[in-house]
Amino acid sequence: MKLVLFNGSPRYKKSNSALLTEQFLKGYDRFCTEPVPVYYLANYKQREAAAEIFEQAETVLLIFPLYTDCMPGIVKEFFESVAGKSYSPAKKVGFIVQSGFPESIHSEGLERYLKKLVQRLGCAYMGTVIKGGVEGIQSMPPSMTRKLYSKFEALGEYFAQNNSFEPIIATGLRKPYRLSRTYAVIFNLLSKTGITNFYWNGQLKKNGGFEKRFAKPYLG
Ligand SMILES: Cc1cc2nc3c(=O)[nH]c(=O)nc-3n(C[C@H](O)[C@H](O)[C@H](O)COP(=O)(O)O)c2cc1C
């Protein structure tokens, strides 16, 4: 197995990670005909087999969402399943972390963790692509996702030819690093109207969690 992709979203095939993977592979397939298997950590059976698949692959890409400034539990479980074994230093491991907040600064702490993890596994770290502002792409019209999708397609094209992330695209995807002061002021004003909570309140209601939204499970 040359390249293997893991999707670490708990949303499984209906995830933003899956949509971005689709675009990446669209570009990848244009230059590399060898099929790329995609494994979903949200699927229990695939998660159980993941450590062995990781061991066999020459290059591993893991795409997942930022969860509470870190990673979903299934991704952590996967990392624990691959830890403590010895791997070829030629095995390459890279990441794509995408998040809801637009600024890439949110994912930087996790990026440091991922780099250290790969070094401790004794593999070659390929870098981490960070993209913020991804929540909502499922409900956006094609005109709003075209730019983002074409960047992921181009990332895939380059990856197929060079077995690495294209640095200019990867740098561009990190923008904005931080929101400007003006934007922050506008956002704070908007948040007073409740509009900024509209989407997430809808999600909470849909999943029966709205009444519990201020719960603090770890406080007495
Ligand atoms: C439990 C949970 C925690 C999240 N934590 C963060 C976070 O800390 N920072 C952020 O920018 N986005 C956060 N998000 C938003 C997701 O990263 C974002 O919606 C992502 O695009 C979801 O990707 P997926 O559909 O592939 O799972 C969180 C979402 C959930 C459901």
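All values reported here derive from a predicted model rather than from experimental measurement. (Residues numbered from 1 in each chain as written. Predicted model: local features only at pLDDT ≥ 70, side-chain atom pairs only at ≥ 80, totals over all residues. Heavy atoms only, no water.)

Visitor: What should I look at first to understand the site of the ligand in this one?
Guide: Taken together, 16 residues sit near the ligand, with Ser9, Arg11, Ser17, Gln98 and Glu135 positioned nearest. The side chain of serine 9 places a nitrogen or oxygen atom 2.5 Å from an oxygen atom of the ligand. One nitrogen or oxygen atom from the main chain of asparagine 16 is found 2.7 Å from an oxygen atom belonging to the ligand. For the ligand, whose free accessible area comes to 650 Å², the fraction covered by protein is 83%. Mapping the ligand onto the cavity grids shows that it belongs to the largest pocket. Taken together, the residues of the shell around the ligand break down into five nonpolar, eight polar and three charged. (Near = heavy atom within 4 Å. Polar contact = N/O pair within 3.5 Å; in protein donor to acceptor, adjacent residues only side chain to side chain. Areas by Shrake-Rupley, 256 points an atom, 1.4 Å probe, with all protein chains shown as cover. 1 Å grid on protein atoms, 1.4 Å probe; cavity = no way out; pocket = protein on both sides within 12 Å on 5 of 7 lines; lining within 4 Å. Sits in = over half its atoms within 2 Å of the grid points. Nonpolar A, V, L, I, M, F, W, Y, C, P; charged D, E, K, R; others polar.)

Visitor: Would you take a moment to explain the pairing of strand E1 (residues 3-7) for this structure?
Guide: Successive side chains on a regular strand alternate, one facing one side of the sheet and the next facing the other. Across the five residues that make up E1, a large majority, five, are buried. Side chains of E1 alternate between two faces, with Leu3, Leu5 and Asn7 and Val4 and Phe6 buried alike. Both E1 and strand E3 (residues 59-65) contribute to a ladder of five bridges, which runs parallel. By the bridge assignment, asparagine 7 is partnered in E3 with isoleucine 63. Note: E1 against strand E2 (residues 38-40), three bridges, orientation parallel. Each bridged residue has a counterpart across the sheet, and for phenylalanine 6 the counterpart in E2 is tyrosine 39. (Buried < 20%, exposed > 50% of the residue type's maximum accessible area, 1.4 Å probe, protein only. Helix = DSSP H or I, 4+ residues; strand = E, 2+ residues; numbered from the N terminus. Pairing = 2+ DSSP bridges.)

Visitor: Just to check I follow, could you spell out the layout of surface pockets for this structure?
Guide: Leftover empty space is mapped by rolling, across the atoms, a probe with the size of a water molecule. When its volume is computed, the largest pocket comes out at roughly 1,400 Å³. What lines the largest pocket is a set of 34 residues, among which Gly100, Phe101, Glu135, Tyr199 and Trp200 lie closest to the centre. Breaking the lining of the largest pocket down by element, the ones donating at least two residues are helix H1 (16-31), helix H7 (181-193) and helix H8 (198-206). The greatest single-element share of the lining of the largest pocket, amounting to five residues, is contributed by H8. Of the residues contributing to the lining of the largest pocket, the split by class is 12 nonpolar, 16 polar and six charged. Taken domain by domain, the lining of the largest pocket gets at least three of its residues from each of domain 1 (3-178) and domain 2 (179-220). (Points joined across faces, edges and corners; volume = space filled by probe spheres on them. Domains from an automatic or database assignment.)

Visitor: Explanation requested: the environment of leucine 19 in the structure shown.
Guide: Mapped onto the elements of the fold, leucine 19 is located in helix H1. Residue class for leucine 19 comes out partly exposed when judged on its relative accessible area of 23%. Leucine 19 sits 32 residues away from alanine 51 along the chain, and the two C-alpha atoms are 24 Å apart. Apart from the residues lying within four places of it in its own chain, the contact partners of leucine 19 are Ile137, Gln138 and Tyr149. (Contact = heavy atoms within 4.5 Å.)

Visitor: In this structure, what is going on with the pattern of salt bridges? I would like to understand it.
Guide: A side chain of one charge can pair with a side chain of the opposite charge when the charged atoms of the two come close. Counted according to the given criterion, the structure contains seven salt bridges. Residue glutamate 153 pairs with arginine 30 through a salt bridge whose shortest N-O separation is 2.7 Å. In this pair, glutamate 153 is assigned in helix H5 (residues 142-162) and arginine 30 in helix H1, connecting sequence segments 123 residues apart. Under the relative-accessibility criterion, glutamate 153 is labelled buried at 16%. (Salt bridge = Lys/Arg side-chain N within 4 Å of Asp/Glu carboxyl O.)

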